[in-house]
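Chain residues, written in single-letter form:
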Amino acid sequence: MVQIKIAFSGAGGTGKGTILSIVQKEFPHIIPIKSPMESLTKCYLGDRKNYLDGNEDELRTKQWMGLGAQFWAERSLNESGRSFISERSCLDYLAYWNQQLDYDKNYHALAVEGCFNYDIVFYFPCDFENTEKEKNEHSWKERDSKKRKKTDKIMAAFWKEFQEKENRSGLIKFVKLFGNEHDKANIVTQEIKRLEERIYA
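Predicted model only: the values in this text are computed from it and were never measured.

Thoughts on the packing of aromatic side chains
All told, the structure shown has nine aromatic pairs when counted by the stated rule. Where Phe8 meets Phe122, the ring centres are 6.0 Å apart and the plane angle is 80 degrees; that geometry is what we call edge-to-face. Placement of Phe8 in strand S1 (residues 5-10) and of Phe122 in strand S4 (residues 120-124) is noted, with a sequence separation of 114 residues between them. Each member of the pair, Phe8 as well as Phe122, is classed as buried. Relative to Phe162, the ring of Phe116 has its centre 5.5 Å away and its plane inclined at 55 degrees; by these criteria the two rings are tilted. Remark: Phe162 occurs in helix H8 (residues 145-165) and Phe116 occurs in the loop between helix H5 (105-114) and S4; sequence separation between them is 46 residues. Among the aromatic residues, those joined into a cluster by ring pairs are Phe116, Tyr123, Trp159, Phe162 and Phe174.

Description of the nonpolar core
Core analysis: the largest hydrophobic core is formed by 26 residues, its most contacted members being Leu67, Leu91, Tyr118, Trp159 and Phe162. At the level of elements, helix H3 (56-79), helix H4 (92-98), H5, S4 and H8 are the ones that each hand at least two residues to this core. Element by element, the count of residues in this core is highest for H8, at five residues. Once residues lying within four places of it in the same chain are set aside, the contact partners of Trp159 are Ser9, Ser89, Leu91, Asp92, Cys115, Val121, Tyr123 and Phe174.

With respect to helix H1 (residues 16-26)
All of the buried residues along H1 are Lys16, Ile19, Leu20 and Val23. Looking down the long axis of H1, one finds its buried residues gathered within 105 degrees of arc, a one-sided arrangement. Elements that come into contact with the buried residues of H1 comprise S1, strand S2 (31-33), strand S3 (84-86), S4 and helix H9 (181-200).

Here is what the cut-offs are and how they apply
- Residue numbers run consecutively from 1 along every chain, following the written order of its sequence.
- Only residues with pLDDT of at least 70 get local features here, since the model is predicted, and only at 80 or more are side-chain atom pairs given and counted; chain-wide, interface and lining totals rely on the full set of residues.
- The basis for every side-chain value is the complete set of heavy atoms in the structure, and neither hydrogens nor water enter the calculation.
- Two aromatic rings from Phe, Tyr or Trp, using only the six-membered ring of Trp, form a pair when their centres are within 6.5 Å; if the ring planes differ by under 30 degrees the pair is stacked, by over 60 it is edge-to-face, and anything between is tilted.
- Counting from the N terminus, the helices are the DSSP runs of H or I reaching at least four residues and the strands are the DSSP runs of E reaching at least two.
- Each residue is assigned to one of three classes by its accessible area relative to the maximum for its type, calculated with a 1.4 Å probe on protein chains only: buried under 20%, partly exposed between the two thresholds, exposed over 50%.
- Take the buried Ala, Val, Leu, Ile, Met, Phe, Trp, Tyr and Cys residues and link them wherever side-chain atoms come within 4.5 Å; each set so joined is a nonpolar core.
- Contacts are assigned to residue pairs with any non-hydrogen atoms lying within 4.5 Å of each other.
- This arc corresponds to the set of directions leading from the helix axis out to the C-beta atoms.

Set out below in structure tokens:
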């Protein structure tokens, strides 16, 4: 069976999980890897309103656990020849860490190394306005709007650096998505089909 390795990238709330669910139905043979950060956040949250309320050691542990879980889930599927699609790329973790703590060289190296597991990366830009419902209900998307846009800028800068320093040969394809949910799902679906056709040819 042909192996395809895909990652989504982008700030929280940009539609990665939604598109993953749509694509999963179209390509049931591709194993989805959900972001481990949601379950880790619940573990660390406790009585706090935000996991960032934790001390520095707790935040470092959470960041390492998230990246480690992501990296090894992808590496194990890659080595076993299985196709996968990750809701979040390893490089995404650098953007979040960048706003919280000074990460060390080993963390940065692991995040970059993880990107070489991918054939294609789909980037979800923070290019939309929150709905009136989200604004009225003061949802997390509305509350974190500025933070998400900041994360988006940091992620875009990291990908630009990766493209220039690590991916000069263009072995890893980078696709920036645009449009509404339907448009993005269609772009992802068509790119995957083209990738499968090229590998099968």
